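Spelled out, the chains give:
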Amino acid sequence: MVEPKSNELMEKIVSLCKRRGFIYPSSEIYGGINGFWDYGPLGAELKRHVKDAWWKDMVRLRDDVAGLEATIIMSPKIWQASGHVDTFSDPMIDCKTCKGRFRADQTDEIPCPQRPSKMVSQCQGEKTEPRAFNLMFQTYVGPVQDDSAVAYLRPETAQAIFAQFKNVLETSRQKVPFGIAQIGKAFRNEVTPRNYTFRSREFEQMELEYFIRPDEVVEAICGRVAKPSGNGHPGEPQPNWGWELWHKYWVEERLRFYEAVGLPRHTLVEYWQTPAELAHYARATVDILYKFPFSKRDEKGELKGEELEGIAARSDFDLSQHERFSGKPMGVFDEELRAAWAKLDKARQDELWKRYYETRKGYLERSGVAPEQASKDAAEDADGLAKGQYIPHVIEPSAGVDRLILALIADAYSEVTETDAKGKSETRVILKFHPRVAPIKVAVLPLLKNKPELVAKAQEVFNTLRAEMNTFYDDGGSIGRRYARQDEAGTPFCVTVDFETLEGMKEGALAGQKDTVTLRYRDDGRQERLPIGGLLDWLQARIR
RNA sequence: GCGGGCGUAGUUCAAUGGUAGAACGGCAGCCUUCCAAGCUGCACACGAGGGUUCGAUUCCCUUCGCCCGCUCCA
């Protein structure tokens, strides 16, 4: 089989998405707007099903996760605490001669790429004025547009979870370890949106912040922290898990999710960030990559994959930042810790105290707190252990919805070329979505349009199914044409009402029985016969 | 942001300094007893703005968008 060039494949996917109503360019009648995309009728259903699947797995089916839906615009102080304001407000200078881009405050320190003997500020290159490069979208709250009214569209959903941590903890009656989940829009003013919807300026995230006990607390309660042994899923969570096992657990849980919505394991890559790539506060980050057609290839010619999700072990950085910036305590009280601590011998208490103290002190000093103050604050934090108090650590599985949608479409895309009796060859497209996420679950079709009894019966079947799942009715054109239309929409099942539905089966196990329909499978065209009465159960078992 | 390429029906493509054709798709009707059958009819496009010209979809400029390579991606 000749593998289609990645470009050709992406072009086919893009035009199919437009043609069938999955994805359109935003504002297309005005020429479009770079980095923004709309979902059409089928795309909206697909996206909804994907988000529902995530929410069900992450929130409804778990005792230890609570949901949240926060605003897009929040206090600008949140973005100071998170570091987004500082990181993004650097003025940059472009050099028109060497095409380089440099931070305006570092032109005396960076050598010119073309003449390394000189610094950028001294080289002859023609440079632009310093320009502000902030990847956060800015707006103003209230009608007065001055600096005091500046606010930002959130560049990630995570921070709202940290900001509301205490409220959720209080009202959900959860105890650490537990998580807070959120699905919502986020905005980044990307320099170059690329690869169709993969890097958009407005996008949607599905994020979980899962709060766990620091390892010192686990040790105090359980004696020691269990270490990961071997590969694969570590199984049901245990009280003696430290951050490493929790991190591993969530990586495996998330991989299972992707497989459950139809991405085969071999299309995914589990990439462990190297120490150099890690954010300074992160202990480990695993990216789950999907091998998109536009992915770069490695030395062996294998697709390297592009990020769908990152699962980061972020220590207690985020809650600590918000504690420092807001002045509000972000710690929790843990009855088990207080009880366990009292039973530890002095040497053990001292040892755990010391380790917790060192970690806290390290964080505070890196955050710019003066050494003396840092020591004092860290000692206070460590004293809290005896009272059962600490700031939870967090494991953050953070997924991009739109990237997953694109991966699902790319993965579902398949072509079948058939040559008919006249020698005319024709290529049909089938989107092989997992039934759980397919936009339309079932299409109901009367075999013929000009037989009122068939149409009436088909309408009847349609009306019983549509209340329970996304059902589509179609009586236009030949039956084969309608099957083909559904194949292109990715509908896993078609139900056809024919004469045997009305008159009873002529032969087979259901001989003589009325009210049966043809059920046709999308992926291989296989057909079987089902009684109408059993249809709903049959379908529901397959779309869950 | 830089460099290169490209913008014609929904999609894929033609042609043209004198305002555009096709295929597929769509819609309506007829027909049709299971995988894009057939017949009839209908609708739909020169990305936007400016310039040159008697006249611009065609030439020029600007802009917007898409693709590729850099750059960026907390």
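Above: the structure in question.
Values in this document were obtained by computation on a predicted structure and should not be read as measured data.

Visitor: Can you help me understand the overall build of chain A in this one?
Guide: Counting its secondary structure elements, chain A contains 17 helices and 23 strands. A sequence separation of at least 24 residues applies to 63% of the contacts in chain A between residues at least 6 apart. As displayed, chain A has an accessible area near 27200 Å², and 49% of this comes from carbon and sulfur atoms.

Visitor: Just checking my understanding: could you explain the nonpolar core for this structure?
Guide: Generally speaking, nonpolar side chains in soluble globular proteins are found buried as a group. Formed by 65 residues in total, the largest nonpolar core has its most connected members in Phe 22, Trp 250, Tyr 258, Leu 263, Ile 409 and Phe 433. Within the second largest apolar cluster, 35 residues are counted, among which are Ile 180, Ala 220, Tyr 356 and Ala 379.

Visitor: What exactly am I supposed to notice about unusual backbone geometry here?
Guide: In most cases, non-glycine residues show a negative phi, while peptide bonds are predominantly trans. The linkage connecting Val 176 with the following residue, Pro 177, adopts the cis geometry, with an omega of 5°. Its location among the elements puts Pro 177 in the loop between α6 (165-172) and β9 (178-187).

Visitor: Mind showing me how you'd approach the side chain of Asp 316 here?
Guide: Mapped onto the elements of the fold, Asp 316 is located in the loop between β13 (306-313) and α9 (317-326). In this structure the side chain of Asp 316 is engaged in a polar contact, spanning 2.7 Å, whose partner is the side chain of Arg 360. Apart from the residues lying within four places of it in its own chain, the contact partners of Asp 316 are Arg 360, Ile 391, Pro 392 and His 393.

Visitor: Looking at this model, I keep getting lost on the sheet that holds strand β21 (residues 493-497). Mind explaining?
Guide: Whenever strands of a sheet pair, they do so through backbone hydrogen bonds, lying parallel or antiparallel. Taken together, the five strands give an open sheet; going across it, the order is β20-β19-β21-β22-β23, and neighbouring strands pair in mixed fashion. Both outer strands of the open sheet, β20 (471-473) and β23 (527-531), are each paired with one neighbouring strand and no more. Within this sheet the neighbouring strands show an average axis-to-axis angle of 30°, counted without direction. Of the strand pairs in this sheet, strand β22 (residues 516-521) and β23 are connected by five bridges, and their pairing is antiparallel. Counted as the bridge partner of Thr 516 is Pro 531 from β23.

Scoring rules and cut-offs
- Residues numbered from 1 in each chain as written.
- Chains lettered and ligands numbered in written order.
- Predicted model: local features only at pLDDT ≥ 70, side-chain atom pairs only at ≥ 80, totals over all residues.
- Heavy atoms only, no water.
- Helix = DSSP H or I, 4+ residues; strand = E, 2+ residues; numbered from the N terminus.
- Contact = heavy atoms within 4.5 Å.
- Areas by Shrake-Rupley, 256 points an atom, 1.4 Å probe, with all protein chains shown as cover.
- Core = buried A, V, L, I, M, F, W, Y, C linked by side-chain atoms within 4.5 Å.
- Buried < 20%, exposed > 50% of the residue type's maximum accessible area, 1.4 Å probe, protein only.
- Polar contact = N/O pair within 3.5 Å; in protein donor to acceptor, adjacent residues only side chain to side chain.
- Pairing = 2+ DSSP bridges.
- Axes fitted to C-alpha atoms, helices over the stretch in contact; angles between N-to-C directions.

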